[in-house]
There are 2 protein chains.
Amino acid sequence: MPPLVIRSPQVFREKQNIDARVHHRVTAIDLPKRTIRAQDLNTGKAIDEPFDRLLVATGASPILPKIPGVRARGVYTLSSLQSGIAVREAVDRQAPRRVVLVGAGYIGLEMAENFIRRGIRVAVVEKAPQVMSTLDPDMATLLADELVKNGVELFLGESLREFELQKDEVRTVITDRRTLPADLVVMGLGVRPNSRLAGEAGISIGETGGIKVNEKLETQTDGVWAAGNCAEAFHLVSRRPVAFALGTVANKQGRVAGINIAGGETVFPGVVGTAMVKVFDWEVARTGLQEREAKQAGISSAGVKIEARTRAGYYPGAGKIFVKVVFEPGSGRLLGGQIVGHEGAGKRIDVLATALHAGMNVEQMINLDLGYSPPFSPAWDPVLIACRQAAGQV
Amino acid sequence: MPPLVIRSPQVFREKQNIDARVHHRVTAIDLPKRTIRAQDLNTGKAIDEPFDRLLVATGASPILPKIPGVRARGVYTLSSLQSGIAVREAVDRQAPRRVVLVGAGYIGLEMAENFIRRGIRVAVVEKAPQVMSTLDPDMATLLADELVKNGVELFLGESLREFELQKDEVRTVITDRRTLPADLVVMGLGVRPNSRLAGEAGISIGETGGIKVNEKLETQTDGVWAAGNCAEAFHLVSRRPVAFALGTVANKQGRVAGINIAGGETVFPGVVGTAMVKVFDWEVARTGLQEREAKQAGISSAGVKIEARTRAGYYPGAGKIFVKVVFEPGSGRLLGGQIVGHEGAGKRIDVLATALHAGMNVEQMINLDLGYSPPFSPAWDPVLIACRQAAGQV
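Residues numbered from 1 in each chain as written. Chains lettered and ligands numbered in written order. Predicted model: local features only at pLDDT ≥ 70, side-chain atom pairs only at ≥ 80, totals over all residues. Heavy atoms only, no water.

Colleague: Before we move on, could you go through the overall build of chain A and cite the residues and values that matter?
Modeller: In terms of helices and strands, chain A carries 10 helices and 22 strands. Taken against the 2.2 N^0.38 rule, which gives 21 Å for 394 residues, the C-alpha radius of gyration of chain A at 23 Å falls within 12% of a compact globule. Each principal axis of the C-alpha distribution contributes one length, and for chain A these read about 65 × 55 × 40 Å. Among the 394 residues that make up chain A, the fraction classed as buried is 49%. (Helix = DSSP H or I, 4+ residues; strand = E, 2+ residues; numbered from the N terminus. Rg over C-alpha atoms; globule rule 2.2 N^0.38 Å. Buried < 20%, exposed > 50% of the residue type's maximum accessible area, 1.4 Å probe, protein only.)

In structure tokens, the structure reads:
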């Protein structure tokens, strides 16, 4: 297996002349003095480091509710390579028979699949009345059915109350409706930007909790940039700042900030909210605004959902695909889309994402010259079938 | 298996009140009289049929060179359901040991794979120095290697001279360089629009050989529309009419012509030249202009080709993908793209196709918010890696 860590501190130092100091925790940014203060975690010593230009790339941290037992042994989060290794080692060491996943978002659903494949009983507890709150309820139902079909016990609309421990280790998860035995718990309640360090230094933080940045990834403080999960991004459809924590966005922001800090000039215009996840046999993808988000953004919206096939109907391996298109009545402007389907379904979201960047309407999209050949698509691509139907209702 | 014929003449008649007369050959269009003349192929009788509005949808026919033996038994083309059934029956009946395919385009390559899978020896003869002339040579080489690896004998840069027959049946294919034994031959030299009927009636035919149409699919003759493989389409990148014979384009044109003929109003702005084919383990796709076509259209072009993975490198099943992006130096305007790769590679062409419709440049495309999750893509989508590299060379 290729390594998960692509570049070590040694390579940064030797090949790129970048002094990457790991095991150092930055404790303060002193803007007037243009220094940062850090603690060397190996020696405990505090050091000060001057800067001309500063990039804040502090990432995000898992959200943990303040309930009894949440810090106990056996309760895990998944937000770093180390935390992933910790869960894996716990599973290998303890051979848990029952796992409870709190939160039915990306982390929860991916973990559900993998625990089930290892023969472990899985219960998912989710406060919302649906899984994957980034999908509209009619699309999320498809996923819920898939989870149940694969043996996942799904408890929607239930709130976590507390964890019961035995010898400081989690044994039971208590919700407002039931008590679930648990040998291991994974918390997947999302993340929040690590913006406190920047905020304490006086760098502006947005309403999302992320660091405010412009198109160049500059913060509102001269000479200070921010990029990645600690920073906001501009949503090109809602025209509002958002704080998604997605690797693709972080990567692109890092590139733009780096070019600008080094004296180049480029921009990161923003995001359209594309995300994907695999849940057993379903590929799941979404982009733009779902109906609820459109409403929140004050944009009137309508949605159409179609069912089609991933390949020509007669071609071996043709699977189901559901495509939902969200659009603005009247103008027909595309606002977003959601896809749930079998192999080959998910990445079709990219057509909708690209169309969102281009500001297309559903009528224009009907005639998009997308790729066709029976092993890959019906003659009318499912995304275009959805657009065709939407255009009929504009 | 779902049927290949989606709707029978009976269904057209009974459910949709459409008098679909099969086994009738239209022999003339009389524009002054507003009638068509047809021959009932069952009775031989000629009939005249009046029209207020006329749609010409006569399709395209395979190109056949005028060489000795080309009409002999054992020499097939593939352009209709019937011709496909004929080849299939010949294979089942005669169990050919050696097949020669003339032409290394979509038909030739798809047939090569299927004959090889049936254990038949396959030789492909192609006049051009590469397979798939719709790809640039550097991408086509990848396919040639795949064909050879799978046991196909490939003879590039060779011209067909004649067929030798035995008892009126093909036995040998003779090129300008060699003699190949053949129990069965499939001709895959492309098609030309069936526009003669329209041309004889005085309807304008374009330089491509296809019937000239405007955005509404009207011909230059009042009250006459044309759609599908007999008609031209406007190429949105080269800004010239083209006559591709593709099912997706035909489908979309048919919809637009139908709406307009029935009194509605809609347009078919044009195509960007997207096409796909599966060749053994490779998915192959192209859109826009290749470097040669850009030159022909008088547009200066440059290309970059990158190699990446279809999924995150550490994820099981990650395969190779090569992406080539063709762009205009200076402006960075995207002109086209080509993809060859393993499972999940091909439909990525749709991002490039959609961007061509939107008139994007490669710099804008770097920040497209495409779907990412390890089972589906690296964090930097391969298409974006190619755009990033292209943008560096604008």
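From this point, the narrative continues.
Colleague: I'd love a proper account of unusual backbone geometry, names of residues and values included.
Modeller: The backbone phi angle of Arg239(A) is positive, close to 60°, even though this residue is not glycine. The residue His23(B) is not glycine, and still its phi comes out positive at about 55°. Residue placement: His23(B) occurs in the loop between helix H1 (9-16) and strand S1 (24-30).

Colleague: With reference to specific residues and values, describe the pairing of strand S1 (residues 24-30) of chain A.
Modeller: Residues and elements named next belong to chain A. The pairing of S1 with strand S2 (residues 35-40) spans 6 bridges and is classified as antiparallel. Note that in S2 the partner of Asp30 across the bridge is Thr35. Once S1 ends, the chain turns through 4 residues before running back antiparallel as S2, passing Arg34 with a positive phi of about 55°. (Pairing = 2+ DSSP bridges.)

Colleague: Now, about the relation of the copies chain A and chain B: what can you tell me, with residues and values included?
Modeller: Screw-axis analysis of chain A against chain B gives a translation of 0.0 Å along the axis, an RMSD of 0.0 Å, and a rotation angle of 180°. Expressed as a symmetry operation, the mapping of one chain copy onto the other fits a two-fold axis. Of the interface residues in chain A, 100% have counterparts in chain B that sit at the interface too, so the contact is made through matching surfaces. (Least-squares fit on C-alpha atoms with pLDDT ≥ 70 in both. Contact = heavy atoms within 4.5 Å.)

Colleague: Break down the domain arrangement of chain A for me, with residues and values.
Modeller: As assigned here, chain A comprises domain 1 (1-51), domain 2 (62-191), domain 3 (207-271) and domain 4 (275-391). One C-alpha centre belongs to domain 2 of chain A, the other to domain 3 of chain A; they are set 31 Å apart. (Domains from an automatic or database assignment.)

Colleague: Describe the sheet that holds strand S3 (residues 46-50) of chain A, naming the residues involved and giving the relevant values.
Modeller: Residues and elements named next belong to chain A. Read from one edge to the other, the open sheet built from 3 strands follows the order S1-S2-S3, with strand pairing classed as antiparallel. Edge positions in the sheet fall to S1 and S3, since each of these pairs with one other strand and no more. On average, each strand axis in the sheet is inclined to that of its neighbour by 25°, with strand direction left out of account. The pairing of S2 with S3 spans 5 bridges and is classified as antiparallel. Residue pairing for S3: Thr35 is matched across the bridge by Pro50. (Axes fitted to C-alpha atoms, helices over the stretch in contact; angles between N-to-C directions.)

Colleague: Describe the confidence of the model for chain A, listing the residues and the values that go with them.
Modeller: Per-residue confidence for chain A gives a mean pLDDT of 96; residues scoring 70 or more make up 99%. Model confidence for the complex: the whole-complex pTM is 0.97, and ipTM, which rates the interface, is 0.97. (pLDDT = per-residue confidence, 0-100.)

Colleague: Give a detailed account of the interface of chain A and chain B, specifying residues and quantitative values.
Modeller: Tallying the contact residues gives 55 residues for chain A and 55 residues for chain B. Between chain A and chain B, a total of about 4,500 Å² is buried, with carbon and sulfur atoms accounting for 61% of that surface. For chain A, the biggest contributors to the area lost against chain B are Asn367(A), Asp369(A) and Phe376(A); these three give 17% of the whole. Connecting chain A to chain B are 2 salt bridges. The residue Lys347(B) makes a salt bridge to Asp381(A) at a minimum N-O spacing of 2.5 Å. Here chain A and chain B share 22 residue pairs in polar contact (both at pLDDT 80 or more) between them. Those elements that place two or more of their residues in the side of chain A that touches chain B are helix H6 (247-261), strand S18 (275-279), helix H8 (349-358), helix H9 (362-366) and helix H10 (382-391) of chain A. Of the residues forming the side of chain A that touches chain B, the biggest block, 8 residues, is contributed by H8(A). Looking at the side of chain A that touches chain B residue by residue, the classes come out as 29 nonpolar, 13 polar and 13 charged. (Buried area = accessible area lost by both parts, 1.4 Å probe. Salt bridge = Lys/Arg side-chain N within 4 Å of Asp/Glu carboxyl O. Polar contact = N/O pair within 3.5 Å; in protein donor to acceptor, adjacent residues only side chain to side chain. Nonpolar A, V, L, I, M, F, W, Y, C, P; charged D, E, K, R; others polar.)

Colleague: If you had to explain the pattern of salt bridges to someone new, which residues and values would you point to?
Modeller: All names here are of chain A. Tallied over the entire structure, the rule returns 46 salt bridges over all chains. Residues Glu146 and Lys149 are paired through a salt bridge, measuring 3.4 Å at the closest nitrogen-oxygen approach. Within this pair, Glu146 and its partner Lys149 are both found in helix H4 (residues 137-149), separated by 3 residues, close to a single helical turn. You can call Glu146 buried: its relative accessible area is 4%. Assessed through its relative accessible area of 63%, Lys149 is described here as exposed.

Colleague: Describe the side chain of Asp381(A), and please don't skip the residues or the numbers.
Modeller: Relative to the assigned elements, Asp381(A) resides in the loop between H9 and H10. Polar contacts involving the side chain of Asp381(A) include one to the side chain of Arg348(A), which spans 3.4 Å.

Colleague: Account for the packing of H8(A) against helix H8 (residues 349-358) of chain B, with residues named and values stated.
Modeller: Packing of H8(A) against H8(B) brings their axes to within 9 Å, and their N-to-C directions diverge by 20°. Taken as axis vectors, H8(A) and H8(B) run roughly parallel relative to one another. Taken as a pair, H8(A) and H8(B) cross one another with a handedness that is right-handed. Facing Asp350(A), Val351(A), Thr354(A), Ala355(A) and Ala358(A) of H8(A), the residues of H8(B) in contact are Asp350(B), Val351(B), Thr354(B), Ala355(B) and Ala358(B). For the contact of H8(A) with H8(B), a count of residues per class yields 6 nonpolar, 2 polar and 2 charged. (Parallel < 35°, antiparallel > 145°, perpendicular 65-115°, else oblique. Left-handed = near helix turned anticlockwise from the far one by under 90°.)

Colleague: Pulling in residues and values, what's your account of helix H10 (residues 382-391) of chain B?
Modeller: Among the 10 residues of H10(B), 8 are classified as buried, and the element is accordingly described as predominantly covered. Among the residues of H10(B), those classed as buried are Pro382(B), Val383(B), Leu384(B), Ile385(B), Ala386(B), Cys387(B), Ala390(B) and Ala391(B). Along its buried surface, H10(B) packs onto H6 of chain A together with strand S20 (302-309), strand S21 (320-327), strand S22 (334-341), H8 and helix H9 (362-366) of chain B. Its side-chain oxygen 2.9 Å from the backbone nitrogen of Val383(B), Asp381(B) forms the N-cap of H10(B).

Colleague: Any chance you could break down the sheet that holds strand S19 (residues 282-288) of chain B for me, citing the residues and the numbers?
Modeller: Residues and elements named next belong to chain B. Judged by pairing direction, the sheet is antiparallel, and its 5 strands sit side by side in the order S18-S19-S22-S21-S20 without closing on themselves. This sheet does not close on itself; its edge strands, each paired only once, are strand S18 (275-279) and S20. The average angle at which neighbouring strand axes cross in this sheet is 15°, direction not considered. Of the strand pairs in this sheet, S18 and S19 are connected by 5 bridges, and their pairing is antiparallel.

Colleague: Summarise a nonpolar patch on the surface; cite the residues concerned and give the values.
Modeller: Taken together, the side chains of Tyr314(A), Leu4(B), Val5(B), Leu81(B) and Ile85(B) make up a nonpolar region of the molecular surface, amounting to roughly 390 Å² of accessible area. Tracing the chain through its elements places Ile85(B) in helix H2 (residues 81-94). Residue Ile85(B) is classed as partly exposed on the basis of its relative accessible area, which comes to 35%. (Patch = residues over 30% accessible without salt bridge, like charges linked within 9 Å, V, L, I, M, F, W, Y side chains within 5 Å. Areas by Shrake-Rupley, 256 points an atom, 1.4 Å probe, with all protein chains shown as cover.)

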